Amino acid sequence: MRFAFRPGRVALHAFLVLTCLATLAPLLWALYASLRTYDDTSRNGYFSVAESLTLDNFAAAWTRADLPHYYLNTLVVTVPALVLVLLLSSMVAYGVSRYAFRFNLVLLMLFTAGNLLPQQVIVTPLYRLYLLTPVPSWLSDSGVLLDSRLGLVLIHVAFQSGFCVFVLSNYMKAIPRELGEAARVDGAGVFRQYWQVVLPLCRPALAALATLEFTWIYNDFLWALVLIQTGDKMPVTSALQNLRGTFFVDNNLVAAGSLLVALPTLVVFFTLQRQFIGGLTLGSTKG
């Protein structure tokens, strides 16, 4: 068989290969550095062949950074925030996509416009607001939203809901309205139509959003740094600071800690990989 040479296709594949290598290079280099000892890199430099490879840096990072404690801190914030974001966003998306009213489009634009606001712009007023908002002592030992995990959950829900509403509303518009009408004939109310008819059909979109939102919320450092003042309440992204000394930094140890911190996001992605890819290709075959 003879294959036609297509310069454009070859150039495209070469570009994609180079892009993949450029994307993976920092991760692979961090993995390589984490397997080397500090003495090895201090003598020969980081751009050299390793004398030996070891997993000691991972064990040291796990204990010195107290990662189990900070993993739990992040879990307490990420899971409730993720559940609330998907639940509330799906409710708003259902109302916007399935019912026609005067401010339908305005409401959708309002939620979407929230993603256009840089988070850094409202750091100062939000800090003051959290400082002046009282909450029960069983929700915050500080008595206010500042320095509480509830405050972190609320800010993530506020900032992440707009994107989820936009995605879910467009997906729900593609679901035939006849399904809801048939459920209404059978006596199903509005909530039952949403919960038992429309929401199960949105599983691919919800899985894709869950993967993205988990990554974004898990990797957050800005709001935790601004709104949390107690070190023991900080998320796992701040645990790497425990590996940095005042006058000395072991970059091999920090690299190992960084890979351990990033591990949960990889687990979530590979667990929901099929649904995530399916969510990204939604509507690609419709025409």
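Quick caveat, the model's predicted, so the values are computed rather than measured. (Residues numbered from 1 in each chain as written. Predicted model: local features only at pLDDT ≥ 70, side-chain atom pairs only at ≥ 80, totals over all residues. Heavy atoms only, no water.)

**Q** How would you explain the overall build of the chain if you had to name every residue and give the values?
**A** Within the chain, the secondary structure is distributed over 13 helices and zero strands. N-terminal to C-terminal, the α/β element order of the chain is α-α-α-α-α-α-α-α-α-α-α-α-α. Computed over the C-alpha atoms, the radius of gyration of the chain is 24 Å, more than 25% above the 19 Å expected from 2.2 N^0.38 for a compact globule of 287 residues. Overall, the chain is about 75 × 75 × 35 Å in size when its C-alpha atoms are taken along their principal axes. (Helix = DSSP H or I, 4+ residues; strand = E, 2+ residues; numbered from the N terminus. Rg over C-alpha atoms; globule rule 2.2 N^0.38 Å.)

**Q** I'd love a proper account of the nonpolar core, names of residues and values included.
**A** Among the nonpolar cores identified, the biggest contains 58 residues, and Leu-67, Trp-223 and Leu-227 are the most heavily contacted of them. When contributions to this core are tallied by element, the ones reaching two or more residues are helix H3 (56-64), helix H4 (67-98), helix H6 (123-132), helix H7 (149-173), helix H9 (190-201), helix H10 (203-218), helix H11 (222-227) and helix H12 (251-271). With ten residues, H4 is the single largest residue contributor to this core. For Trp-223, the residues in contact, after removing those within four places along its chain, are Gln-119, Ile-122, Val-123, Leu-126, Leu-152, Ile-155, His-156, Phe-159 and Ile-228. (Core = buried A, V, L, I, M, F, W, Y, C linked by side-chain atoms within 4.5 Å. Buried < 20%, exposed > 50% of the residue type's maximum accessible area, 1.4 Å probe, protein only. Contact = heavy atoms within 4.5 Å.)

**Q** Outline unusual backbone geometry, supporting the account with residue identities and numerical values.
**A** One non-glycine residue, Asp-66, lies in the positive phi region at around 55°. The backbone phi angle of Asp-147 is positive, close to 65°, even though this residue is not glycine. Along the chain, Asp-147 turns up in the loop between H6 and H7. Taking relative accessible area as the criterion, Asp-147 reaches 8% and is therefore assigned buried.

**Q** Residues and numbers for the packing of H4 against H9, please.
**A** The interhelical angle for the contact between H4 and H9, taken along N-to-C directions, is 110°, at an axis separation of 11 Å. When the axes of H4 and H9 are compared, the pair comes out roughly perpendicular. Where H4 abuts H9, its residues Leu-87, Ser-90, Met-91 and Tyr-94 lie against Val-190, Phe-191, Gln-193, Tyr-194, Trp-195, Val-198 and Leu-199. In terms of residue class, the contact of H4 with H9 is made up of nine nonpolar, two polar and no charged. (Axes fitted to C-alpha atoms, helices over the stretch in contact; angles between N-to-C directions. Parallel < 35°, antiparallel > 145°, perpendicular 65-115°, else oblique. Nonpolar A, V, L, I, M, F, W, Y, C, P; charged D, E, K, R; others polar.)

**Q** Give me the pattern of salt bridges: which residues, what numbers.
**A** Throughout the structure, instances matching the rule amount to four salt bridges. One salt bridge in this structure joins Arg-43 and Glu-51, with 2.7 Å as the shortest N-O distance. Grouping residues by exposure puts Arg-43 and Glu-51 together as exposed. Close ionic contact of Asp-147 with Lys-233 constitutes a salt bridge, the shortest N to O distance being 3.8 Å. Placement of Asp-147 in the loop between H6 and H7 and of Lys-233 in the loop between H11 and H12 is noted, with a sequence separation of 86 residues between them. Of the two residues examined, Asp-147 and Lys-233, each falls in the buried class. Each of Asp-141, Asp-147 and Lys-233 takes part in salt bridges that share partners, so that together they form one network. (Salt bridge = Lys/Arg side-chain N within 4 Å of Asp/Glu carboxyl O.)

**Q** Residue-level account of H3, with values.
**A** Taken residue by residue, H3 has Asn-57, Phe-58 and Ala-61 as its buried positions. Taken down its axis, H3 places every buried residue within 100° of arc, on the same side. Pointing more than 90 degrees away from the buried face of H3 are the exposed residues Asp-56 and Thr-63. On its buried side, H3 packs onto helix H1 (7-34), H4 and H12. Directly beyond the C-terminal end of H3, a positive phi value near 55° is found at Asp-66. (Arc of directions from axis to C-beta.)

**Q** Any chance you could break down the packing of H7 against H10 for me, citing the residues and the numbers?
**A** For any two helices packed against each other, the geometry is given by the interaxial angle and the distance between the axes. Close contact between H7 and H10 brings their axes to 11 Å; oriented N to C, the two are set at 160°. Judged by the angle between their axes, H7 and H10 are roughly antiparallel. Along this stretch, H7 crosses H10, giving a crossing that reads as right-handed. Residues His-156, Gln-160, Phe-163, Cys-164, Val-167, Leu-168 and Tyr-171 of H7 touch H10, and the partners they reach there are Pro-204, Ala-205, Leu-206, Leu-209, Leu-212, Glu-213, Trp-216 and Ile-217. Partitioning the contact of H7 with H10 into residue classes produces twelve nonpolar, two polar and one charged. (Left-handed = near helix turned anticlockwise from the far one by under 90°.)

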